[in-house]
Amino acid sequence: MTNEDTTTTTVDAVSGRVTFRPFPLPALVAVGMLAIGISPIAFQGGPWFLVLLVPVALAWVVVRTRTVVDDTSLRVLTLTGSRRIPWDDVETLRVADRGWVRAVRAGAARSGAGAAAPEAGDREEPALVGVRARHLGRVAQASGGRITMPSPEEVEEAREHERELEATRMRIAALRDRQAPAAQDAPAEETPADGADERA
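The shown structure was predicted, so the numbers you read here are calculated from the model rather than taken from an experiment.

**Observations concerning the overall build of the protein**
Then, number 1: If you tally the helices and strands in the protein, you get six helices and seven strands.
Then, number 2: Walking the protein from its N terminus toward its C terminus, one meets helices and strands in the order β-β-α-α-β-β-β-β-β-α-α-α-α.
Then, number 3: Across the 200 residues that make up the protein, the buried fraction comes to 26%.
Then, number 4: Sequence separation of at least 24 residues holds for 46% of the intrachain contacts in the protein that already meet a minimum separation of 6.
Then, number 5: When the accessible area of the protein is evaluated, it comes to approximately 13,400 Å², of which 56% is carbon and sulfur surface.

Listed below in structure tokens is the structure:
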């Protein structure tokens, strides 16, 4: 379910904070329906009551997991904890082939006297849960100029321009296809005249 179609974005118009969720909050309706569906099994008594933990866990995943971006930091909330990454510690954002966008920590933030080496690559490039490549414009806007990316409006304008260019290419190709037979017929008409000149 963690694909581009399920990711949702919430913008706080007052603070400029943007929240990215891997699962839309309306998914809680489906979780509630699941809880209602398994309630007859759960209320049979005994250990069957534990099956209600399944919708509770799913609801926790939907509500908890998200990435909050503002002009001071990136805050990533996962099932087990949260991590705040100041923009000053972010060198760049890396777009993975599959999965979430990752924040590449600045080398100065990872090194220094007495600093311990990171145990895993995730310490250096934490995943921004819910953030995909198509959301980078929103991230740039919320960062307050910390990073520069095209805004969603600029991306749409670029796509519209690309569509216009493609339509123009297709019209030019169609025009050339229509002119090609006429160009092939022209030398054939001149052949008799050339033969007459040679006989003369």
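**Points about the confidence of the model for the protein**
Then, number 1: Per-residue confidence for the protein gives a mean pLDDT of 79, with 74% of residues at or over 70.
Then, number 2: Ignoring residues within four places in sequence, the model shows residues 108-121, a span with pLDDT below 50, making seven contacts including any to other chains.

**Remarks on helix α1 (residues 27-42)**
Then, number 1: If you check α1, its first and last C-alpha atoms are 22 Å apart, about what 16 residues at 1.5 Å a residue would give, namely 22 Å.
Then, number 2: The largest bend in α1 comes to about 25 degrees, at I36, with the proline P40 one to four residues further on.
Then, number 3: Looking at the buried residues of α1, the elements they touch are α2 (53-64).

**Regarding α2**
Then, number 1: Taking 1.5 Å per residue, twelve residues should reach 16 Å; α2 reaches 16 Å between its end C-alpha atoms and fits that length.
Then, number 2: Within α2, the full set of buried residues consists of P55, V62 and R64.
Then, number 3: Where the residues of α2 are buried, they touch β2 (18-21), α1, β3 (66-69), β4 (73-77) and β5 (82-86).

**Remarks on the packing of α1 against α2**
Then, number 1: Two numbers describe how α1 lies on α2: the axes approach to 9 Å, and their chain directions differ by 175 degrees. Considered as vectors, α1 and α2 are oriented roughly antiparallel to each other. The residues of α2 that touch α1, namely those facing A27, L28, V31, L34, A35 and I38, are V54, P55, L58, A59, V62 and V63.
Then, number 2: For the contact of α1 with α2, the per-class residue count stands at twelve nonpolar, no polar and no charged.

**A short note on the nonpolar core**
Then, number 1: Counting residues in each nonpolar core, the largest one holds 21 residues, and the members touching the most others are L74, L93, L128 and V139.
Then, number 2: Secondary structure elements with two or more residues in this core: β2, β4, β6 (90-94) and α5 (136-142).
Then, number 3: The element best represented in this core is α5, accounting for four residues.
Then, number 4: With residues near it in sequence (within four places) discarded, L74 still touches V68, V69, R83, R84, I85, W87, V90, A103 and L128.

**Describing the sheet that holds strand β1 (residues 8-11)**
Then, number 1: Judged by pairing direction, the sheet is antiparallel, and its five strands sit side by side in the order β1-β2-β3-β4-β5 without closing on themselves. If you trace the sheet from one side to the other, it starts and ends with β1 and β5, each paired once. Adjacent strand axes in the sheet meet at a mean angle of 15 degrees, parallel and antiparallel pairs treated alike.

**A word on the pairing of β2**
Then, number 1: Residue alternation in β2 divides its side chains into two sets, V18 and F20 and T19 and R21, and both sets are buried.
Then, number 2: Here β1 runs beside β2; their pairing, made up of four bridges, is antiparallel. Bridging across to β2, T10 finds its partner in T19.
Then, number 3: Two elements, β2 and β3, share three bridges in a ladder whose sense is antiparallel. Note on β3: the bridge partner recorded for V18 is V69.

Reading guide: rules and limits
- Residues numbered from 1 in each chain as written.
- Predicted model: local features only at pLDDT ≥ 70, side-chain atom pairs only at ≥ 80, totals over all residues.
- Heavy atoms only, no water.
- Helix = DSSP H or I, 4+ residues; strand = E, 2+ residues; numbered from the N terminus.
- Buried < 20%, exposed > 50% of the residue type's maximum accessible area, 1.4 Å probe, protein only.
- Contact = heavy atoms within 4.5 Å.
- Areas by Shrake-Rupley, 256 points an atom, 1.4 Å probe, with all protein chains shown as cover.
- pLDDT = per-residue confidence, 0-100.
- Expected span 1.5 Å × (residues − 1).
- Bend = angle between axes of the 7 residues up to and from the residue.
- Axes fitted to C-alpha atoms, helices over the stretch in contact; angles between N-to-C directions.
- Parallel < 35°, antiparallel > 145°, perpendicular 65-115°, else oblique.
- Nonpolar A, V, L, I, M, F, W, Y, C, P; charged D, E, K, R; others polar.
- Core = buried A, V, L, I, M, F, W, Y, C linked by side-chain atoms within 4.5 Å.
- Pairing = 2+ DSSP bridges.

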